[in-house]
Amino acid sequence: MRKIAVYDFGSQYSQLIVRRFRELGYYAELLPPSAPFPSDGVAAVLSGGPASVYDESAPFPHSSLFESDIPILGICYGLQLITYLLGGKVAPSTRKEYGPADLKVLEENHLFRGLPKRFRVWMSHGDRVEVLPNGFEVLAHTEGSPYAAIHGRGRFFGVQFHPEVSHTEYGREILKNFADFSGLQRFWTPQNVVNMLEKEIKRKVGEDRVLLALSGGVDSTVLGYLLKRAIPGQAVFVFVDTGLLRWGERERVKRLFPEVRILDARERFLKALRGVIHPEEKRKTIGRIFVEVFSEFAESLQPKPRFLAQGTLYPDVIESVSVVGPSAIIKTHHNVGGLPEDLGFELLEPFRYLFKDEVRAVGRSMGLPNEIIERHPFPGPGLAVRIIGEVTPKRLKRVRLADRIVEEEVRKSGLYDKVWQAFAVLVPVRTVGVQGDYRTEGEVIAVRIVESLDGMTADWSRIPHDVLRRISERITGEVPGINRVVYDITSKPPGTIEWE
């Protein structure tokens, strides 16, 4: 597939560059600096990053990139790399730029075609270009960056600012101008993606069967409908009732997929989770039991399906497998890695290179209703990671009921489709309260409502106080053992969306 290769040098915005190109209709893919330029690539983008190009440990691109004859756009650190590697000079800036800056365009060139001569851009850098390489010209500057945009030798472009972030005016237009210069066609549309996924599934699966575990979430549900469309009659759907699911999940999945096989494993999961407190151990325990239940069911099928389908997404892969250097793995995802080699399935992961909004777009293109498409994400380990501490039947009942109340009130307020996630977390803090005429000791429910585009970053939602008041009143009045409700106002980063 012809693509724009985005090389990740450690910027917090690297994935955002990929998203922006795809939103514009151009396929882009994230690669580590050490990766050679792909044979199906038509252009490359070098991301920003925290390093300085003159440091001994600075990451450099694969040699094949500069030896090729394709257009290259450097962003922030990427601009400095182009300058440094082609003979220019980069040095620490006497005036660091962090935040908005006024850009003055000197030359329209290809990059600024059709744009105003002045607009605001977003800066985040401590180094700057001091001397351009031979054959380069300056296209734009700011007060702190004399070479805020450059072009040279026909195919090299660089910008010191970040066009991928929403704070940069006309950032999308700049990226589109670069993509148009590369000659890449705009074929990345939801319908084209559906057609490509169908063809790939048919090619890979052939006449074999596929086993898919439905969770009730957007990803597995859209994948289930895609499998029914691509390979009708060849998919076996199973729903594992772990006892860790949202209110009414089992009945909902049965309504959407009448042919689904229901496996009641609630007691098995709860028994395995007794005494387990550490969140990573919870995830591993749940993953292990899930694989066991899955494998036992698969062995009972004749003939046994050859493929195991999973709704793995691009952010799952990025967070679980470091793209650049020794980055820390944030958490173990339930559907990435950790599967035993002797599981006996070949993995089928059609969404592995899609973002969440792209999966939703695929669902819309297939005509799925908003009830499915706009549903909030739910963690693979379920409510177990929304219970801080040990998972018990009593504590599960509390958090499930509180979670239901949060969703109902957010829906009533008309905010459900405007936020990324809204849920409840059970906190094992004993708190004194007064309920009726009695002094009580109960646990705490933390309400978490965030806004995000893809889950990679998120901000806490400024929910109207009346909505929060109704949520608090209902939870303390309807959930036994809860006498205090708090609201989480932490963004991601520094926190994650889920508490565990």
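Everything below is about the structure shown above.
Residues numbered from 1 in each chain as written. Predicted model: local features only at pLDDT ≥ 70, side-chain atom pairs only at ≥ 80, totals over all residues. Heavy atoms only, no water.

Draft legend 1. Inspection of the packing of helix H5 (residues 190–205) against helix H6 (residues 218–230) at higher detail. Put simply, H5 and H6 touch, their axes get as near as 10 Å, and they point 65° apart. Read as a crossing pair, H5 and H6 show a hand that is right-handed. Judged by residue contacts, Gln191, Val194, Leu197, Glu198, Ile201 and Lys202 of H5 engage Leu226, Leu227, Arg229 and Ala230 from H6. When grouped by side-chain class, the residues that make up the contact of H5 with H6 number six nonpolar, one polar and three charged. (Axes fitted to C-alpha atoms, helices over the stretch in contact; angles between N-to-C directions. Helix = DSSP H or I, 4+ residues; strand = E, 2+ residues; numbered from the N terminus. Left-handed = near helix turned anticlockwise from the far one by under 90°. Contact = heavy atoms within 4.5 Å. Nonpolar A, V, L, I, M, F, W, Y, C, P; charged D, E, K, R; others polar.)

Draft legend 2. Focus on the side chain of arginine 283. Positionally, arginine 283 belongs in helix H9 (residues 279–300). Buried within the structure, arginine 283 lacks any salt-bridge partner; its nearest side chain of opposite charge belongs to glutamate 280, at an N-O separation of 4.6 Å. One polar contact links the side chain of arginine 283 to the main-chain carbonyl oxygen of glutamate 500, over a distance of 2.7 Å. (Buried < 20%, exposed > 50% of the residue type's maximum accessible area, 1.4 Å probe, protein only. Lys, Arg positive; Asp, Glu negative; His and termini not counted. Salt bridge = Lys/Arg side-chain N within 4 Å of Asp/Glu carboxyl O. Polar contact = N/O pair within 3.5 Å; in protein donor to acceptor, adjacent residues only side chain to side chain.)

Draft legend 3. Representation of the environment of glycine 49 in the model. Its place among the elements puts glycine 49 in the loop between strand E3 (41–46) and helix H2 (63–67). Classification of glycine 49 as partly exposed rests on a relative accessible area of 23%. Linking glycine 49 and arginine 203, residues 154 residues apart in sequence, is a C-alpha distance of 39 Å. Those residues in contact with glycine 49 that lie beyond four places of it in its chain are Phe9, Gly10, Ser11 and Tyr77.

Draft legend 4. Examining H9 more closely. In this model, H9 (22 residues) spans 32 Å end to end at C-alpha, consistent with the 32 Å of a helix rising 1.5 Å per residue. Looking only at H9, the buried set comprises Lys282, Arg283, Thr285, Ile286, Ile289, Val291, Val293, Phe294, Ser295, Phe297 and Ala298. Buried residues along H9 sit against strand E10 (210–213), strand E11 (235–241), strand E12 (261–264), helix H8 (266–272) and strand E13 (307–309). (Expected span 1.5 Å × (residues − 1).)

Draft legend 5. Expanded view of helix H3 (residues 77–85). Extensive coverage of H3 is indicated by the burial of seven of its nine residues. When we look at burial in H3, the residues that qualify are Tyr77, Gly78, Leu79, Gln80, Leu81, Ile82 and Thr83.

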